[in-house]
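# Geometric and topological summary
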Amino acid sequence: MKKRDVWIYRIATALLTLLMTFSATMYYIQYEMVSETFLKLGFPTFIIYPLAILKITGLIVIWANKSKMLKEWAYAGFVFELLLAIGAHISIQDGEQYAALVGLILVVISYIYNRKLFSTYTSSRKTTTEDII
């Protein structure tokens, strides 16, 4: 079962990586088109480059698996960004919300299997006062 979980985690995270890398790359290569879309969605254009940098940084944090806290923040950032993208695309009714919805599903799957595979807490262990302090 653990081997299957590893494969699901890696595939979901790899697909998320492809989606976010494509998105961040488009922010640099097709800046004019992206800035027009951001304006239609009601977002300021000055966040395009920082958002692209944060997407790549979040992917690095997830794959590096060095800090549990940073990894949680990266997942949270992706969830917030994708929820805002879904809501914005639905509000202007341009039909472009499906890529963000797929991304959100991939983030959830990756997060769930990340918790299964890399959690240091085991359910058989009892909580002691040292754990609380």
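Nothing here was measured: the structure is a model prediction, and the numbers come from that model. The residue numbering used here restarts from 1 in each chain and proceeds along that chain's sequence as written. Totals for whole chains, interfaces and linings use all residues, but because this is a predicted model, local features are given only for residues with pLDDT of at least 70 and pairs of side-chain atoms are given and counted only at 80 or more. Here the side-chain values reflect all heavy atoms present in the structure, with hydrogen atoms and water set aside.

## A short note on the packing of helix H1 (residues 2-29) against helix H5 (residues 97-118)
Viewed as axis vectors pointing N to C, H1 and H5 meet at an angle of 145 degrees, and their least axial separation amounts to 8 Å. At the point where H1 passes H5, the crossing takes the left-handed sense. Taken together, the residues of H5 that come into contact with H1 (itself represented by Lys2, Asp5, Val6, Ile8, Tyr9, Ala12, Thr13, Leu15, Leu16 and Leu19) are Ala99, Gly103, Leu106, Val107, Ile109, Ser110, Tyr113, Asn114, Lys116, Leu117 and Phe118. Throughout, the ten residues Ala, Val, Leu, Ile, Met, Phe, Trp, Tyr, Cys and Pro are labelled nonpolar, Asp, Glu, Lys and Arg are labelled charged, and all others, Gly among them, are labelled polar. Broken down by class, the residue content of the contact of H1 with H5 amounts to 14 nonpolar, four polar and three charged. In this description, a line fitted to the C-alpha atoms serves as the axis of each element, helices being fitted only across the stretch in contact, and the angle between N-to-C directions of two axes falls anywhere from 0 to 180 degrees. Think of it this way: any DSSP run of H or I at least four residues long counts as a helix, any run of E at least two long counts as a strand, and we number them from the N terminus. The hand of a helix crossing depends on one turn: near helix anticlockwise from the far one by less than a right angle means left-handed, and clockwise means right-handed. It only takes one pair of heavy atoms within 4.5 Å for two residues to be counted as in contact.

## With respect to the environment of Tyr28
Within the secondary structure layout, Tyr28 lies in helix H1. Burial classes: relative accessible area under 20% of the type maximum marks a residue as buried, over 50% as exposed, and values in between as partly exposed (1.4 Å probe, protein chains only). For Tyr28, a relative accessible area of 43% corresponds to the partly exposed category. Counting along the chain gives 24 residues from Tyr28 to Ala52, while the straight-line C-alpha distance between them is 8.0 Å. Look past the residues within four positions of Tyr28 in its chain and what remains in contact with it is Tyr49, Ala52 and Ile53.

## Describing the packing of aromatic side chains
For this analysis, a ring pair means two rings from Phe, Tyr or Trp (six-membered ring only for Trp) whose centres lie within 6.5 Å, classed as stacked if their planes differ by under 30 degrees, edge-to-face if by over 60, and tilted for the remaining angles. Per the stated rule, a full pass over the model turns up six aromatic pairs. Arranged with centres 5.0 Å apart and planes meeting at 20 degrees, the rings of Tyr31 and Tyr49 form a pair that is stacked. One end of the pair, Tyr31, is in helix H2 (residues 31-41); the other, Tyr49, is in helix H3 (residues 48-64), and 18 residues separate them in sequence. For Tyr49, a relative accessible area of 35% translates into the label partly exposed. Among the aromatic side chains, those forming a connected cluster through ring pairs are Tyr27, Phe38 and Phe43.

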